[in-house]
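The chain contents come next:
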Amino acid sequence: MDYTSLAQAVLSMGGIGLVFALLLALANKKLKVEEDPKIEKVEDLLPGANCGACGLPGCSACAVALVNGKVDLSICPVADASDLEEIGQLLGLETVDTKRQVAVVLCQGGNTNVKKKAEYDGIKTCLGATFASGGERACNYGCIGYGDCVAVCPFDAIHMNKEGLPVVDRNKCTGCNNCVLACPRNVIELHPVSSHVFVLCNNKDSGKNARQVCKTACIACKICVKADESGGFEVKDNLAFVDHTKYDKEYEIPTEKCPTKAIVIVGDKGEK
Amino acid sequence: MTIFTIFISAAIINNYVLVQFLGICPFVGVSKKLSSSFSMGLATTFVMTMAAAVTWLIYYFILVPFNLQFLQIVSFILVIASLVQLVEMFIKKMSKPLYDALGIFLPLITTNCAIMGVALFLVMKEYSFIESIIFGFSAGVGFTLAIVLMAGIREELEIADVPEYFKGAPITMIVAGCMALAFMGFAGLI
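This structure is a prediction, so every number in the text was calculated from the model and none was measured. Starting from 1, residues in each chain are numbered consecutively following that chain's sequence as written. Here the convention is simple: chains get letters from A, ligands get numbers from 1, in the order in which they are written. Two thresholds apply to this predicted model, a pLDDT of at least 70 for residue-level local features and 80 or more for giving and counting side-chain atom pairs, whereas whole-chain, interface and lining totals are computed over all residues. Values shown for side chains rest on all heavy atoms present in the structure; no hydrogens or waters enter the calculation.

> Can you lay out the overall build of chain B for me, pointing to particular residues and giving the numbers?
Along the backbone of chain B there are 8 helices and 0 strands. Only DSSP runs of H or I covering at least 4 residues are called helices, and only runs of E covering at least 2 are called strands; the numbering of each starts at the N terminus. If you list the helices and strands of chain B from N to C, you get α-α-α-α-α-α-α-α. The buried share among the 190 residues of chain B stands at 47%. The contacts in chain B between residues at least 6 apart in sequence include a share of 77% that link residues at least 24 apart. Per-residue and other accessible areas were derived by the Shrake-Rupley procedure at a 1.4 Å probe size, with only the shown protein chains allowed to occlude residues. Counting every atom, chain B has about 9,300 Å² of accessible surface; 73% of that belongs to carbon and sulfur. Burial classes: relative accessible area under 20% of the type maximum marks a residue as buried, over 50% as exposed, and values in between as partly exposed (1.4 Å probe, protein chains only). When checking whether two residues touch, look at their non-hydrogen atoms; a contact exists if any pair is within 4.5 Å.

> Which residues make up the overall build of chain A, and what values go with them?
If you tally the helices and strands in chain A, you get 9 helices and 8 strands. Split into buried and exposed, the 272 residues of chain A put 41% on the buried side. By sequence separation, contacts in chain A at least 24 residues apart represent 58% of the contacts at least 6 residues apart. Accessible area for chain A stands at about 15,200 Å²; split by element, carbon and sulfur atoms hold 54% of it.

> Residue-level account of the layout of surface pockets, with values.
Size it by volume and the largest pocket reaches roughly 1,100 Å³. A pocket, in this scheme, is an open set of points on a 1 Å grid over the protein atoms alone with protein on both sides within 12 Å along at least 5 of 7 lines, while a cavity is a set where a 1.4 Å probe fits but cannot get out; residues line either one if an atom lies within 4 Å of a point. In this structure, the largest pocket is lined by 31 residues; those nearest its centre are Glu35, Ser60 and Val64 of chain A together with Lys92 and Tyr99 of chain B. For the lining of the largest pocket, the secondary structure elements donating two or more residues are helix 2 (37–45) and helix 3 (59–67) of chain A together with helix 4 (72–94) and helix 5 (96–102) of chain B. In terms of residues, the lining of the largest pocket owes the most to one element, helix 3 of chain A, which gives 5 residues. Grid points are joined across faces, edges and corners, and a volume is the space filled by probe spheres set on the points.

> Explain the interface of chain A and chain B residue by residue, including any values.
Between chain A and chain B, the residue contacts involve 16 residues of the former and 19 residues of the latter. Each of two parts loses accessible area, computed with a 1.4 Å probe, when they are put together; buried area is these two losses added. Summed over both partners, the interface of chain A with chain B comes to about 1,500 Å²; 83% of that surface belongs to carbon and sulfur atoms. Every case where a carboxyl oxygen of Asp or Glu lies within 4 Å of a side-chain nitrogen of Lys or Arg is listed as a salt bridge. The interface formed by chain A and chain B contains 0 salt bridges. Each polar contact in these results corresponds to two N or O atoms within 3.5 Å; when the atoms are within protein, one needs to be able to donate a hydrogen and the other to accept it, and residues that are neighboring in sequence are counted only if both atoms are side-chain atoms. Counting across the interface, chain A meets chain B through 0 residue pairs in polar contact (both at pLDDT 80 or more).

> Which residues make up the packing of aromatic side chains, and what are the values?
All names here are of chain B. In summary, the pairing rule links any two rings of Phe, Tyr or Trp, Trp by its six-membered ring, whose centres are within 6.5 Å, and it sorts them by plane angle into stacked for under 30 degrees, edge-to-face for over 60 and tilted for everything else. Throughout the structure, instances matching the rule amount to 11 aromatic pairs over all chains. Where Tyr16 meets Phe121, the ring centres are 6.2 Å apart and the plane angle is 80 degrees; that geometry is what we call edge-to-face. Taken together, the positions of Tyr16 in the loop between helix 1 (3–13) and helix 2 (24–29) and Phe121 in helix 6 (residues 113–124) put the pair 105 residues apart, joining distant regions of the chain. Tyr16 gets classed as buried once you look at its relative accessible area, which sits at 1%. The partly exposed category is assigned to Phe121, whose relative accessible area is 21%. Their ring planes at 55 degrees and their centres at 5.1 Å tell us that Trp56 and Phe129 sit as a pair that is tilted. Here the residue Trp56 occupies a position in helix 3 (residues 34–63), and Phe129 occupies one in helix 7 (residues 129–159), the gap between them amounting to 73 residues. Among the residues examined, Trp56 registers a relative accessible area of 14% and is labelled buried.

> Describe the pairing of strand 6 (residues 233–236) of chain A, with residues and values.
Residue and element names in this part refer to chain A. Relative to strand 7 (residues 239–242), strand 6 is paired through 4 bridges, and the arrangement is antiparallel. What sits directly across from Phe233, in strand 7, is Val242. Should DSSP find at least two bridges between two strands, the strands are taken to pair. Connecting strand 6 to the antiparallel partner strand 7 that follows it, the hairpin turn spans 2 residues, and Asp237 within it adopts a positive phi of roughly 50 degrees.

> Could you give me a rundown of a nonpolar patch on the surface, with the residues and numbers involved?
Residue and element names in this part refer to chain A. A surface patch of nonpolar side chains, amounting to about 330 Å² of accessible area, comprises Tyr3, Leu6 and Val10. Its place among the elements puts Val10 in helix 1 (residues 3–30). Under the relative-accessibility criterion, Val10 is labelled exposed at 54%. Patch building starts from residues that exceed 30% relative accessible area and form no salt bridge, then joins like charges within 9 Å and nonpolar side chains (Val, Leu, Ile, Met, Phe, Trp, Tyr) within 5 Å.

> Any details on unusual backbone geometry? Residues and values, ideally.
Residue and element names in this part refer to chain A. In this structure, Asn186 is a non-glycine residue whose phi angle is positive, near 55 degrees. Of note, Asn186 is situated in the loop between helix 7 (178–182) and strand 4 (188–192). At Ala220, a position not held by glycine, the phi torsion is positive, near 60 degrees. Here Ala220 lies in the loop between helix 8 (207–213) and helix 9 (223–227).

> An account of the pattern of salt bridges is requested, with residue identities and associated values reported.
Under the counting rule described, the total for this entry stands at 5 salt bridges over all chains. Across the pair Glu234 of chain A and Lys246 of chain A runs a salt bridge, and its minimum N-O distance is 3.7 Å. Separated by 12 residues along the polypeptide, Glu234 of chain A in strand 6 and Lys246 of chain A in the loop between strand 7 and strand 8 (263–265) bring together distant segments of the chain. Among the residues examined, Glu234 of chain A registers a relative accessible area of 29% and is labelled partly exposed. One salt bridge connects Lys167 of chain B with Glu164 of chain B, and the closest N-O pair in it is separated by 3.8 Å. The exposure class of Glu164 of chain B is exposed, given its relative accessible area of 55%. Three or more residues are tied together by salt bridges with common partners; here these are Lys116, Glu119 and Glu136 of chain A.

> Provide a residue-level description of the packing of helix 3 of chain B against helix 6 of chain B, including the pertinent values.
Helix-helix packing is characterised by the crossing angle of the two axes and by the distance between the axes. Residues and elements named next belong to chain B. To define axes, lines are fitted to C-alpha atoms, for helices over the stretch in contact only, and angles between the resulting N-to-C directions are given on a 0 to 180 degree scale. Where helix 3 contacts helix 6, the axes come no closer than 9 Å and their chain directions differ by 35 degrees. Crossing of helix 3 over helix 6 shows right-handed handedness. When helix 3 is examined against helix 6, the residues Thr44, Val47, Met48, Ala51, Ala52, Thr55, Trp56, Tyr59 and Tyr60 are found in contact with a partner set consisting of Ala114, Ile115, Val118, Ala119, Leu122 and Val123. When the residues that make up the contact of helix 3 with helix 6 are grouped by side-chain class, the tally is 13 nonpolar, 2 polar and no charged. Handedness of each helix crossing follows the sense of rotation of the near helix against the far helix: counterclockwise by less than a right angle gives left-handed, clockwise gives right-handed. The classification used treats Ala, Val, Leu, Ile, Met, Phe, Trp, Tyr, Cys and Pro as nonpolar, Asp, Glu, Lys and Arg as charged, and all other residues, Gly among them, as polar.

> Talk me through the side chain of Arg154 of chain B; I want residue IDs and the actual numbers.
Residues and elements named next belong to chain B. By secondary structure assignment, the location of Arg154 is in helix 7. A polar contact of 2.8 Å, which involves the side chain of Arg154, links it to the backbone oxygen of Val28. When residues no more than four places from it in sequence are discounted, the contact partners of Arg154 are Val28, Ser31, Lys32 and Thr172.

Okay, here's the thing in C-alpha coordinates:
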(Lines give C-alpha, C1' and ligand atoms only; values in the text may rest on other atoms or scores of the structure.)
Protein backbone atom coordinates (compact mmCIF):
# COMPACT_ATOMS: atom_id res chain seq x y z
CA MET A 1 0.00 0.00 0.00
CA ASP A 2 1.37 3.34 -1.03
CA TYR A 3 0.56 5.67 1.82
CA THR A 4 2.35 8.72 0.42
CA SER A 5 0.12 8.89 -2.65
CA LEU A 6 -2.90 8.38 -0.41
CA ALA A 7 -1.78 11.25 1.79
CA GLN A 8 -1.05 13.38 -1.24
CA ALA A 9 -4.46 12.69 -2.68
CA VAL A 10 -6.27 13.49 0.55
CA LEU A 11 -4.20 16.60 1.21
CA SER A 12 -4.45 18.00 -2.29
CA MET A 13 -8.20 17.43 -2.57
CA GLY A 14 -8.74 18.74 0.93
CA GLY A 15 -6.56 21.74 0.17
CA ILE A 16 -8.37 22.57 -3.04
CA GLY A 17 -11.69 22.20 -1.28
CA LEU A 18 -10.55 24.41 1.57
CA VAL A 19 -9.32 27.14 -0.78
CA PHE A 20 -12.59 27.16 -2.67
CA ALA A 21 -14.57 27.13 0.55
CA LEU A 22 -12.68 30.17 1.80
CA LEU A 23 -13.17 32.00 -1.50
CA LEU A 24 -16.88 31.20 -1.46
CA ALA A 25 -17.20 32.31 2.15
CA LEU A 26 -15.60 35.63 1.24
CA ALA A 27 -17.81 36.01 -1.81
CA ASN A 28 -20.85 35.17 0.25
CA LYS A 29 -20.03 37.97 2.65
CA LYS A 30 -19.57 40.47 -0.16
CA LEU A 31 -22.52 39.40 -2.27
CA LYS A 32 -25.03 38.57 0.41
CA VAL A 33 -28.58 39.51 -0.47
CA GLU A 34 -30.88 40.54 2.32
CA GLU A 35 -33.86 38.23 2.22
CA ASP A 36 -37.07 38.77 4.04
CA PRO A 37 -36.48 36.95 7.34
CA LYS A 38 -40.14 36.00 7.33
CA ILE A 39 -39.55 33.65 4.41
CA GLU A 40 -37.21 31.52 6.45
CA LYS A 41 -39.58 31.45 9.42
CA VAL A 42 -42.53 30.47 7.25
CA GLU A 43 -40.49 27.78 5.56
CA ASP A 44 -39.58 26.33 8.94
CA LEU A 45 -43.25 26.13 9.84
CA LEU A 46 -44.26 24.44 6.60
CA PRO A 47 -44.05 20.65 6.60
CA GLY A 48 -40.90 20.53 4.47
CA ALA A 49 -42.05 17.45 2.62
CA ASN A 50 -41.88 19.14 -0.79
CA CYS A 51 -44.87 17.06 -1.83
CA GLY A 52 -46.15 19.55 -4.36
CA ALA A 53 -49.73 19.53 -3.10
CA CYS A 54 -49.77 23.33 -3.33
CA GLY A 55 -48.80 23.25 -6.98
CA LEU A 56 -45.57 25.15 -6.32
CA PRO A 57 -42.11 23.65 -6.73
CA GLY A 58 -41.56 22.85 -3.08
CA CYS A 59 -42.00 24.28 0.38
CA SER A 60 -39.51 27.14 -0.04
CA ALA A 61 -41.35 28.39 -3.14
CA CYS A 62 -44.58 28.09 -1.18
CA ALA A 63 -43.08 30.15 1.65
CA VAL A 64 -42.06 32.88 -0.79
CA ALA A 65 -45.54 32.92 -2.31
CA LEU A 66 -47.13 33.10 1.15
CA VAL A 67 -44.93 35.98 2.28
CA ASN A 68 -45.55 37.87 -0.94
CA GLY A 69 -49.26 37.47 -0.41
CA LYS A 70 -49.79 35.65 -3.68
CA VAL A 71 -51.62 32.77 -2.05
CA ASP A 72 -53.60 32.31 1.14
CA LEU A 73 -53.14 29.78 3.91
CA SER A 74 -55.49 27.21 2.43
CA ILE A 75 -52.79 26.43 -0.14
CA CYS A 76 -51.04 23.91 2.09
CA PRO A 77 -53.33 21.00 2.92
CA VAL A 78 -50.51 19.18 4.65
CA ALA A 79 -49.40 21.48 7.46
CA ASP A 80 -50.82 21.14 10.97
CA ALA A 81 -53.56 23.57 11.91
CA SER A 82 -51.39 25.00 14.70
CA ASP A 83 -48.49 25.64 12.33
CA LEU A 84 -50.80 27.31 9.84
CA GLU A 85 -52.16 29.49 12.61
CA GLU A 86 -48.65 30.53 13.56
CA ILE A 87 -47.87 31.42 9.95
CA GLY A 88 -51.12 33.35 9.84
CA GLN A 89 -50.13 35.35 12.91
CA LEU A 90 -46.69 36.01 11.48
CA LEU A 91 -48.01 37.29 8.18
CA GLY A 92 -51.29 38.77 9.42
CA LEU A 93 -53.27 36.35 7.30
CA GLU A 94 -56.58 34.87 8.26
CA THR A 95 -56.51 31.20 9.04
CA VAL A 96 -58.86 29.30 6.86
CA ASP A 97 -60.63 26.50 8.65
CA THR A 98 -59.74 23.63 6.39
CA LYS A 99 -61.11 20.24 7.24
CA ARG A 100 -58.41 17.67 6.94
CA GLN A 101 -58.90 15.55 3.88
CA VAL A 102 -57.73 12.00 3.48
CA ALA A 103 -57.54 9.68 0.52
CA VAL A 104 -60.17 6.96 0.22
CA VAL A 105 -59.71 4.00 -2.10
CA LEU A 106 -63.08 3.38 -3.69
CA CYS A 107 -62.58 -0.25 -4.59
CA GLN A 108 -62.76 -3.59 -2.85
CA GLY A 109 -61.69 -5.59 -5.87
CA GLY A 110 -58.77 -7.37 -4.28
CA ASN A 111 -57.36 -10.61 -5.58
CA THR A 112 -60.10 -12.81 -4.07
CA ASN A 113 -63.04 -10.59 -4.89
CA VAL A 114 -62.39 -9.69 -8.48
CA LYS A 115 -62.06 -12.14 -11.35
CA LYS A 116 -58.79 -12.51 -13.14
CA LYS A 117 -58.96 -12.08 -16.87
CA ALA A 118 -55.40 -12.77 -17.96
CA GLU A 119 -51.79 -13.16 -16.93
CA TYR A 120 -49.92 -9.87 -17.07
CA ASP A 121 -46.18 -9.96 -17.69
CA GLY A 122 -45.65 -6.33 -18.58
CA ILE A 123 -44.28 -3.41 -16.64
CA LYS A 124 -45.52 -3.73 -13.07
CA THR A 125 -47.04 -0.30 -12.75
CA CYS A 126 -50.69 0.62 -12.99
CA LEU A 127 -49.96 3.11 -15.73
CA GLY A 128 -48.05 0.51 -17.74
CA ALA A 129 -50.88 -1.99 -17.30
CA THR A 130 -53.42 0.59 -18.43
CA PHE A 131 -51.78 0.67 -21.82
CA ALA A 132 -51.79 -3.12 -22.00
CA SER A 133 -55.57 -3.65 -21.69
CA GLY A 134 -55.62 -2.93 -17.97
CA GLY A 135 -53.62 -5.61 -16.25
CA GLU A 136 -54.85 -8.87 -14.74
CA ARG A 137 -58.09 -7.91 -13.09
CA ALA A 138 -61.30 -8.24 -15.05
CA CYS A 139 -62.87 -5.03 -13.71
CA ASN A 140 -62.28 -2.13 -16.04
CA TYR A 141 -62.98 0.48 -13.38
CA GLY A 142 -61.33 -0.78 -10.23
CA CYS A 143 -57.88 -0.89 -8.73
CA ILE A 144 -55.23 -2.45 -10.97
CA GLY A 145 -53.10 -3.34 -7.99
CA TYR A 146 -49.51 -2.49 -8.94
CA GLY A 147 -49.18 0.30 -6.43
CA ASP A 148 -48.55 3.50 -8.40
CA CYS A 149 -50.25 5.27 -5.49
CA VAL A 150 -47.87 3.66 -2.99
CA ALA A 151 -44.88 4.76 -5.04
CA VAL A 152 -45.86 8.43 -5.18
CA CYS A 153 -46.89 8.87 -1.55
CA PRO A 154 -44.33 11.19 0.09
CA PHE A 155 -45.69 10.44 3.57
CA ASP A 156 -45.56 6.64 3.57
CA ALA A 157 -49.30 6.68 4.20
CA ILE A 158 -50.54 4.18 1.64
CA HIS A 159 -49.62 0.52 1.43
CA MET A 160 -50.66 -2.60 -0.42
CA ASN A 161 -52.44 -5.24 1.61
CA LYS A 162 -52.40 -8.98 0.98
CA GLU A 163 -55.32 -8.65 -1.37
CA GLY A 164 -53.35 -6.34 -3.61
CA LEU A 165 -55.41 -3.33 -2.66
CA PRO A 166 -53.99 -0.04 -1.41
CA VAL A 167 -54.86 0.80 2.19
CA VAL A 168 -54.64 4.39 3.37
CA ASP A 169 -53.22 5.11 6.81
CA ARG A 170 -55.71 7.80 7.73
CA ASN A 171 -53.48 9.17 10.48
CA LYS A 172 -50.50 9.65 8.21
CA CYS A 173 -52.41 10.79 5.13
CA THR A 174 -52.22 14.52 4.58
CA GLY A 175 -54.46 14.84 1.57
CA CYS A 176 -51.68 15.96 -0.74
CA ASN A 177 -53.49 14.56 -3.77
CA ASN A 178 -50.46 12.75 -5.20
CA CYS A 179 -52.07 9.30 -5.15
CA VAL A 180 -55.28 10.68 -6.62
CA LEU A 181 -53.35 11.97 -9.59
CA ALA A 182 -51.24 8.83 -9.90
CA CYS A 183 -54.16 6.41 -10.13
CA PRO A 184 -54.97 5.84 -13.81
CA ARG A 185 -58.41 4.48 -12.91
CA ASN A 186 -59.39 7.42 -10.65
CA VAL A 187 -60.22 4.98 -7.88
CA ILE A 188 -58.81 7.20 -5.14
CA GLU A 189 -60.66 10.30 -3.98
CA LEU A 190 -60.08 12.85 -1.24
CA HIS A 191 -62.78 13.13 1.41
CA PRO A 192 -62.99 14.99 4.71
CA VAL A 193 -61.73 12.86 7.56
CA SER A 194 -65.14 13.07 9.21
CA SER A 195 -66.78 11.12 6.38
CA HIS A 196 -66.81 7.43 7.12
CA VAL A 197 -69.52 5.82 5.02
CA PHE A 198 -68.59 5.01 1.45
CA VAL A 199 -69.70 2.86 -1.43
CA LEU A 200 -66.39 1.22 -2.18
CA CYS A 201 -66.88 0.56 -5.86
CA ASN A 202 -66.08 2.39 -9.04
CA ASN A 203 -67.71 0.06 -11.56
CA LYS A 204 -70.08 1.89 -13.87
CA ASP A 205 -71.24 -1.16 -15.82
CA SER A 206 -74.77 -2.41 -15.45
CA GLY A 207 -75.43 -4.52 -12.36
CA LYS A 208 -75.19 -7.86 -14.10
CA ASN A 209 -71.88 -7.13 -15.79
CA ALA A 210 -70.42 -5.58 -12.68
CA ARG A 211 -71.43 -8.58 -10.57
CA GLN A 212 -69.85 -10.93 -13.09
CA VAL A 213 -66.36 -9.50 -12.64
CA CYS A 214 -66.39 -8.70 -8.93
CA LYS A 215 -68.07 -10.10 -5.81
CA THR A 216 -68.24 -6.70 -4.12
CA ALA A 217 -69.28 -4.52 -7.04
CA CYS A 218 -72.11 -2.05 -6.66
CA ILE A 219 -74.94 -3.34 -8.84
CA ALA A 220 -77.04 -0.19 -8.54
CA CYS A 221 -80.00 -2.03 -7.01
CA LYS A 222 -80.96 1.13 -5.09
CA ILE A 223 -81.72 -0.72 -1.86
CA CYS A 224 -79.52 1.78 -0.06
CA VAL A 225 -81.29 4.72 -1.68
CA LYS A 226 -84.65 3.42 -0.48
CA ALA A 227 -83.42 2.48 2.98
CA ASP A 228 -81.90 5.85 3.76
CA GLU A 229 -84.33 8.62 4.54
CA SER A 230 -81.89 11.51 4.56
CA GLY A 231 -81.36 11.29 0.81
CA GLY A 232 -77.66 10.84 1.27
CA PHE A 233 -77.44 7.93 -1.12
CA GLU A 234 -77.73 8.46 -4.83
CA VAL A 235 -77.22 6.31 -7.89
CA LYS A 236 -75.60 7.69 -10.99
CA ASP A 237 -74.12 5.80 -13.93
CA ASN A 238 -75.03 2.43 -12.36
CA LEU A 239 -73.10 3.34 -9.25
CA ALA A 240 -74.29 4.30 -5.82
CA PHE A 241 -72.45 7.00 -3.91
CA VAL A 242 -72.80 8.84 -0.63
CA ASP A 243 -73.46 12.55 -0.58
CA HIS A 244 -71.84 13.39 2.75
CA THR A 245 -73.44 16.83 2.88
CA LYS A 246 -76.85 15.16 3.14
CA TYR A 247 -76.16 11.86 4.82
CA ASP A 248 -76.96 12.33 8.50
CA LYS A 249 -75.43 9.31 10.19
CA GLU A 250 -71.75 9.63 10.56
CA TYR A 251 -70.75 6.15 11.59
CA GLU A 252 -73.59 3.91 10.59
CA ILE A 253 -74.63 2.33 7.34
CA PRO A 254 -78.31 2.64 6.44
CA THR A 255 -78.97 -0.97 5.60
CA GLU A 256 -77.40 -4.35 6.00
CA LYS A 257 -79.22 -5.47 2.89
CA CYS A 258 -76.64 -4.31 0.35
CA PRO A 259 -76.41 -7.55 -1.64
CA THR A 260 -72.72 -7.20 -2.45
CA LYS A 261 -71.61 -5.51 0.78
CA ALA A 262 -70.28 -2.56 -1.19
CA ILE A 263 -71.23 -0.04 1.49
CA VAL A 264 -68.45 0.10 4.05
CA ILE A 265 -67.46 2.14 7.07
CA VAL A 266 -63.96 3.50 6.64
CA GLY A 267 -61.71 4.68 9.44
CA ASP A 268 -62.20 5.06 13.18
CA LYS A 269 -64.92 6.96 14.97
CA GLY A 270 -64.09 10.51 15.96
CA GLU A 271 -60.92 10.85 13.90
CA LYS A 272 -59.50 14.26 13.48
CA MET B 1 -3.27 25.02 -33.58
CA THR B 2 -3.95 28.69 -33.87
CA ILE B 3 -6.33 30.52 -31.59
CA PHE B 4 -8.71 31.05 -34.47
CA THR B 5 -8.98 27.39 -35.35
CA ILE B 6 -9.56 26.50 -31.70
CA PHE B 7 -12.35 29.03 -31.59
CA ILE B 8 -14.07 27.90 -34.79
CA SER B 9 -13.62 24.27 -33.86
CA ALA B 10 -15.06 24.54 -30.34
CA ALA B 11 -17.79 27.04 -31.09
CA ILE B 12 -19.16 25.77 -34.38
CA ILE B 13 -17.69 22.61 -35.82
CA ASN B 14 -17.71 20.67 -32.57
CA ASN B 15 -20.52 22.71 -31.07
CA TYR B 16 -21.07 21.28 -27.62
CA VAL B 17 -24.82 21.11 -27.81
CA LEU B 18 -25.62 20.41 -31.41
CA VAL B 19 -22.72 18.22 -32.47
CA GLN B 20 -21.45 16.59 -29.30
CA PHE B 21 -24.86 16.55 -27.58
CA LEU B 22 -23.57 17.75 -24.24
CA GLY B 23 -25.53 20.16 -22.05
CA ILE B 24 -28.90 19.30 -23.55
CA CYS B 25 -30.70 19.84 -20.25
CA PRO B 26 -30.48 23.66 -20.06
CA PHE B 27 -30.62 23.78 -23.87
CA VAL B 28 -34.18 22.48 -23.73
CA GLY B 29 -35.04 23.81 -20.27
CA VAL B 30 -34.13 27.50 -20.54
CA SER B 31 -34.70 28.14 -24.23
CA LYS B 32 -38.24 29.42 -23.91
CA LYS B 33 -37.37 33.10 -23.81
CA LEU B 34 -34.65 34.81 -25.78
CA SER B 35 -33.53 37.10 -22.96
CA SER B 36 -33.20 34.46 -20.25
CA SER B 37 -31.58 32.01 -22.63
CA PHE B 38 -28.97 34.62 -23.52
CA SER B 39 -28.25 35.19 -19.83
CA MET B 40 -28.00 31.44 -19.34
CA GLY B 41 -25.53 31.34 -22.20
CA LEU B 42 -23.48 34.11 -20.61
CA ALA B 43 -23.48 32.40 -17.22
CA THR B 44 -22.42 29.12 -18.79
CA THR B 45 -19.73 30.84 -20.86
CA PHE B 46 -18.36 32.48 -17.74
CA VAL B 47 -18.29 29.21 -15.83
CA MET B 48 -16.73 27.39 -18.78
CA THR B 49 -13.96 29.95 -19.25
CA MET B 50 -13.16 30.12 -15.56
CA ALA B 51 -13.41 26.36 -15.20
CA ALA B 52 -11.03 25.88 -18.13
CA ALA B 53 -8.46 28.17 -16.54
CA VAL B 54 -8.73 26.79 -13.03
CA THR B 55 -8.86 23.15 -14.04
CA TRP B 56 -5.78 23.64 -16.23
CA LEU B 57 -3.90 25.12 -13.28
CA ILE B 58 -5.02 22.38 -10.94
CA TYR B 59 -4.26 19.65 -13.42
CA TYR B 60 -0.75 20.76 -14.33
CA PHE B 61 0.36 22.19 -10.98
CA ILE B 62 -1.26 19.82 -8.51
CA LEU B 63 -2.42 16.62 -10.15
CA VAL B 64 0.48 15.96 -12.56
CA PRO B 65 3.38 16.68 -10.14
CA PHE B 66 1.89 14.38 -7.49
CA ASN B 67 0.84 11.77 -10.03
CA LEU B 68 -2.80 12.14 -9.05
CA GLN B 69 -4.41 12.20 -12.52
CA PHE B 70 -6.96 9.65 -11.34
CA LEU B 71 -8.48 12.40 -9.23
CA GLN B 72 -9.15 14.68 -12.16
CA ILE B 73 -12.91 14.17 -12.30
CA VAL B 74 -13.31 14.72 -8.56
CA SER B 75 -11.22 17.86 -8.53
CA PHE B 76 -12.91 19.23 -11.66
CA ILE B 77 -16.33 18.74 -10.10
CA LEU B 78 -15.07 20.66 -7.08
CA VAL B 79 -13.95 23.53 -9.29
CA ILE B 80 -17.14 23.66 -11.32
CA ALA B 81 -19.40 23.47 -8.28
CA SER B 82 -17.58 26.31 -6.55
CA LEU B 83 -17.66 28.49 -9.66
CA VAL B 84 -21.35 27.91 -10.13
CA GLN B 85 -21.95 28.91 -6.50
CA LEU B 86 -20.05 32.09 -7.19
CA VAL B 87 -22.04 32.87 -10.32
CA GLU B 88 -25.27 32.13 -8.49
CA MET B 89 -24.45 34.55 -5.69
CA PHE B 90 -23.39 37.14 -8.22
CA ILE B 91 -26.57 36.90 -10.30
CA LYS B 92 -28.75 36.88 -7.19
CA LYS B 93 -27.10 40.08 -6.08
CA MET B 94 -27.14 41.78 -9.47
CA SER B 95 -30.51 40.80 -10.88
CA LYS B 96 -33.20 39.08 -8.87
CA PRO B 97 -35.58 38.77 -11.86
CA LEU B 98 -32.87 37.03 -13.85
CA TYR B 99 -32.18 34.77 -10.89
CA ASP B 100 -35.84 33.81 -10.79
CA ALA B 101 -36.01 33.35 -14.55
CA LEU B 102 -33.07 30.95 -14.62
CA GLY B 103 -34.52 29.11 -11.64
CA ILE B 104 -33.26 25.63 -10.98
CA PHE B 105 -31.13 25.64 -14.14
CA LEU B 106 -28.64 28.03 -12.62
CA PRO B 107 -27.44 25.65 -9.87
CA LEU B 108 -27.80 22.87 -12.42
CA ILE B 109 -24.91 24.35 -14.41
CA THR B 110 -22.92 22.39 -11.83
CA THR B 111 -24.04 19.17 -13.40
CA ASN B 112 -23.95 20.52 -16.93
CA CYS B 113 -21.93 17.89 -18.75
CA ALA B 114 -20.75 20.44 -21.32
CA ILE B 115 -18.62 22.13 -18.65
CA MET B 116 -17.21 18.85 -17.43
CA GLY B 117 -16.61 18.08 -21.10
CA VAL B 118 -14.56 21.26 -21.53
CA ALA B 119 -12.43 20.40 -18.51
CA LEU B 120 -11.79 16.84 -19.65
CA PHE B 121 -11.22 17.72 -23.31
CA LEU B 122 -8.62 20.37 -22.60
CA VAL B 123 -6.59 17.79 -20.71
CA MET B 124 -7.10 15.21 -23.42
CA LYS B 125 -6.10 17.63 -26.19
CA GLU B 126 -3.06 18.84 -24.20
CA TYR B 127 -3.79 22.53 -24.68
CA SER B 128 -1.56 25.22 -23.22
CA PHE B 129 -2.94 27.60 -20.60
CA ILE B 130 -3.93 30.32 -23.08
CA GLU B 131 -5.34 27.77 -25.51
CA SER B 132 -7.40 26.25 -22.68
CA ILE B 133 -8.96 29.59 -21.83
CA ILE B 134 -9.75 30.23 -25.49
CA PHE B 135 -11.15 26.72 -25.74
CA GLY B 136 -13.41 27.17 -22.71
CA PHE B 137 -14.56 30.56 -23.89
CA SER B 138 -15.36 29.39 -27.40
CA ALA B 139 -17.18 26.33 -26.12
CA GLY B 140 -19.30 28.75 -24.09
CA VAL B 141 -19.88 30.91 -27.15
CA GLY B 142 -20.98 27.81 -29.03
CA PHE B 143 -23.37 26.91 -26.22
CA THR B 144 -24.76 30.45 -26.19
CA LEU B 145 -25.14 30.38 -29.96
CA ALA B 146 -27.07 27.13 -29.86
CA ILE B 147 -29.35 28.12 -26.97
CA VAL B 148 -30.08 31.57 -28.41
CA LEU B 149 -30.87 30.13 -31.85
CA MET B 150 -33.16 27.62 -30.15
CA ALA B 151 -34.88 30.31 -28.09
CA GLY B 152 -35.44 32.43 -31.21
CA ILE B 153 -37.04 29.51 -33.00
CA ARG B 154 -39.15 28.60 -29.97
CA GLU B 155 -40.43 32.14 -29.63
CA GLU B 156 -41.60 31.92 -33.22
CA LEU B 157 -43.09 28.49 -32.55
CA GLU B 158 -45.28 29.98 -29.83
CA ILE B 159 -47.40 31.64 -32.51
CA ALA B 160 -46.97 28.92 -35.12
CA ASP B 161 -49.71 26.45 -35.92
CA VAL B 162 -48.17 23.40 -34.30
CA PRO B 163 -50.34 20.26 -34.19
CA GLU B 164 -51.85 19.75 -30.75
CA TYR B 165 -49.76 16.75 -29.73
CA PHE B 166 -46.49 18.24 -30.94
CA LYS B 167 -46.79 21.36 -28.78
CA GLY B 168 -44.10 21.87 -26.14
CA ALA B 169 -41.37 19.29 -25.74
CA PRO B 170 -41.97 17.17 -28.89
CA ILE B 171 -41.63 20.04 -31.37
CA THR B 172 -38.60 21.28 -29.42
CA MET B 173 -36.93 17.92 -29.85
CA ILE B 174 -37.69 17.95 -33.57
CA VAL B 175 -36.28 21.45 -33.92
CA ALA B 176 -33.17 20.43 -31.98
CA GLY B 177 -32.72 17.49 -34.33
CA CYS B 178 -33.02 19.73 -37.40
CA MET B 179 -30.50 22.16 -35.93
CA ALA B 180 -28.09 19.33 -35.21
CA LEU B 181 -28.44 18.20 -38.82
CA ALA B 182 -27.69 21.72 -40.01
CA PHE B 183 -24.59 21.91 -37.82
CA MET B 184 -23.32 18.67 -39.29
CA GLY B 185 -22.76 20.69 -42.43
CA PHE B 186 -19.77 22.35 -40.72
CA ALA B 187 -18.00 19.03 -40.26
CA GLY B 188 -14.67 18.92 -42.06
CA LEU B 189 -14.36 22.68 -42.32
CA ILE B 190 -10.92 22.59 -40.76
